[in-house]
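# Structural features, examined
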Amino acid sequence: MDAYVNALRQGVTPGSVVLDIGTGTGIFALLACQFGARKVYAIEPSDAIQVAREIASDNCYAGRIEFIQDISTQVTLPELADVIVSDMHGVLPFLEQNVPSLIDARRRHLTPGGMIIPRQENLWIAVVEAPELYRRYTNPWDDNPYSLDMRAALQRTTNTWEKGRVAPEQLLVEPKCWAMLDYGALESPDVNAQVTWAASRTGIGHGLIIWFDSILADGVSFSNAPDAPEIIFGSAFFPWCTPIALAAGDKVSVALHANLVGEDYIWRWNSCVLDQGDPGQIKADFKQSTFFGVPLSAAQLRKQAASYVPGLNEGGQIDRLILDSMDGRTSLSDIASSVSARYSSHFPTLADALTRVGELSKQYSR
């Protein structure tokens with residue numbers, strides 16, 4: 001938080017226009033006002049924005065902040081912003097629509113020469129010896145007291161990644177920069193790059209650890225690196241299919257891909273380990289992806305095939321009736337009454353129908 005405060009203090013001057021994407025309860029918007037902003041546009045899709053409005057009012061900033069409950073890519077502002085600030089990423093910057101939102105905001109909402117916070121994020125990667133982290137993936141499926149074969153689940157869990165913390169001495173290679181996200185020039189939300197090392201020491205490789213250095217402004221930064229003070233983000237641990245014994249000098253090559261598909265990222269990490277004593281000997285050749293980590297149903301996948309001919313089930317018919325009734329003249333109460341009468345087995349009471357109608361109204365009504 002201190003780093004963002006210092007960056008805002010550096011970027012916001014009296015009369016500035018500020019865009020706060022993912023404002024949450026409004027802390028950055030309030031600070032921008034405190035530092036002299038003439039106008040702040042605070043965008044937040046969730047109902048947390050109501051809390052932000054109340055806090056802004058309590059601090060006498062309500063007149064300078066325009067709160068917009070929407071997704072930033074769907075919003076057009078009446079003026080350009082001198083400063084854009086956003087903190088929507090999690091363990092890594094590649095969280096849902098964080099990167100695309102920053103790219104869109106820079107293109108459509110930032111004045112030429114304006115400031116975007118964060119300015120740049122560097123992604124670092126290393127091979128790590130982390131038996132405790134690895135056991136989180138394997139123990140429930142490798143070791144159970146019931147003599148059951150649970151390996152089908154293990155194949156899926158080793159194709160997922162999660163938050164984890166390691167110490168610098170657990171790294172088996174020198175960290176390398178996998179990607180640099182320059183938000184002032186970035187054009188694509190995807191990153192695809194390969195990294196190669198010679199193992200620094202002998203040890204057991206359990207997977208990859210990835211972290212970021214976030215540069216917010218001149219002289220203002222923070223990091224979730226193994227040798228940095230622990231912060232809320234942690235680091236990202238990508239397990240290998242099986243642990244691999246590494247000798248000093250073994251060649252490790254990793255092709256890591258982060259590709260935005262729909263609303264979130266698909267990660268792929270293809271890892272190859274060559275024996276330094278016998279360069280032609282392959283110790284490991286893993287091809288992993290978070291796509292493989294999703295428990296997919298063949299019956300459900302069939303419904304997404306281009307050749308599939310769909311028909312609405314009863315739930316879809318109910319939703320269609322509700323949406324067709326949202327004609328700008330009929331109240332939610334009247335729509336609910338009609339739906340309840342037609343689908344009484346689904347809605348025993350009018351209140352049940354009104355709940356369903358209200359949910360769709362919240363999502364789709366103007």
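This structure is a prediction, so every number in the text was calculated from the model and none was measured. (Residues numbered from 1 in each chain as written. Predicted model: local features only at pLDDT ≥ 70, side-chain atom pairs only at ≥ 80, totals over all residues. Heavy atoms only, no water.)

Taking burial as the measure, the 15 residues of strand 10 (residues 203–217) include 12 buried ones, the bulk of the element. Pairing analysis gives nine bridges linking strand 6 (residues 120–128) to strand 10, with the strands arranged antiparallel. What sits directly across from L123, in strand 10, is F212. The pairing of strand 10 with strand 12 (residues 235–246) spans seven bridges and is antiparallel. For I210, the partnering residue across the bridge sits in strand 12 and is A236. Across four bridges, the pairing between strand 10 and strand 11 (residues 220–223) is antiparallel. Residue pairing in the sheet places I215 in a bridge with S221 of strand 11. (Buried < 20%, exposed > 50% of the residue type's maximum accessible area, 1.4 Å probe, protein only. Helix = DSSP H or I, 4+ residues; strand = E, 2+ residues; numbered from the N terminus. Pairing = 2+ DSSP bridges.)

Let us now look at the sheet that holds strand 5 (residues 110–117). Spatial strand order, 3-2-1-4-5: five strands in an open sheet with parallel pairing. In this open sheet, the two strands that pair with only one neighbour each are strand 3 (65–68) and strand 5. Across the sheet, the mean angle from the axis of one strand to that of its neighbour is 20 degrees, orientation sign disregarded. Strand contacts of helix 1 (residues 2–11): strand 4 (81–86) and strand 5, with the helix running at about 160 degrees to strand 5, the strand carrying the most contacts. Seen against the sheet, helix 2 (residues 27–34) touches strand 1 (17–21), strand 2 (39–43), strand 3 and strand 4 and runs at an angle of roughly 175 degrees to strand 2. (Axes fitted to C-alpha atoms, helices over the stretch in contact; angles between N-to-C directions. Contact = heavy atoms within 4.5 Å.)

Each neighbour pair has its own omega, and for I117 with P118 the value is 5 degrees, a cis peptide bond. The phi dihedral of C60 is positive, around 65 degrees, even though this residue is not glycine. Position of C60 among the secondary structure elements: in the loop between helix 3 (48–58) and strand 3. C60 gets classed as exposed once you look at its relative accessible area, which sits at 69%.

Turning our attention to the packing of aromatic side chains. For the structure on display, the rule yields 16 aromatic pairs. Geometrically, the ring pair formed by Y4 and F222 is tilted, given 6.2 Å between the ring centres and 45 degrees between the ring planes. Linking Y4 in helix 1 with F222 in strand 11, this pair joins segments that are 218 residues apart in sequence. Each member of the pair, Y4 as well as F222, carries the same accessibility label: buried. Relative to F233, the ring of F222 has its centre 5.9 Å away and its plane inclined at 15 degrees; by these criteria the two rings are stacked. Here the residue F222 occupies a position in strand 11, and F233 occupies one in the loop between strand 11 and strand 12, the gap between them amounting to 11 residues. F233 carries the same exposure label as F222, and that label is buried. Taken together, the ring pairs in this structure connect F94, W161, W178, F238, Y265, W267 and W269 into an aromatic cluster. (Phe/Tyr/Trp six-rings, centres within 6.5 Å; stacked < 30°, edge-to-face > 60°.)

With that settled, the discussion passes to helix 2. Most of helix 2 is tucked away, with six of its eight residues classed as buried. Summarising the contacts, the buried residues of helix 2 are in contact with helix 1, strand 1, strand 2, helix 3, strand 3 and strand 4. At the C-terminal side of helix 2, G36 shows a positive phi close to 110 degrees.

With that settled, consider the state of the cysteines. In protein structure, a disulfide is the covalent linkage between the sulfur atoms of two cysteines. Enumeration according to the criterion identifies zero disulfides in this entry. A disulfide-free cysteine, C60 has its sulfur positioned 11 Å from the sulfur of C33, the nearest such atom. (Disulfide = S-S within 2.5 Å.)

What follows covers the layout of surface pockets. Estimated volume of the largest pocket: approximately 370 Å³. Along the walls of the largest pocket sit 16 residues, with P45, I71, E96, Q97 and S101 positioned nearest its centre. Per-class residue counts for the lining of the largest pocket are six nonpolar, seven polar and three charged. (1 Å grid on protein atoms, 1.4 Å probe; cavity = no way out; pocket = protein on both sides within 12 Å on 5 of 7 lines; lining within 4 Å. Points joined across faces, edges and corners; volume = space filled by probe spheres on them. Nonpolar A, V, L, I, M, F, W, Y, C, P; charged D, E, K, R; others polar.)

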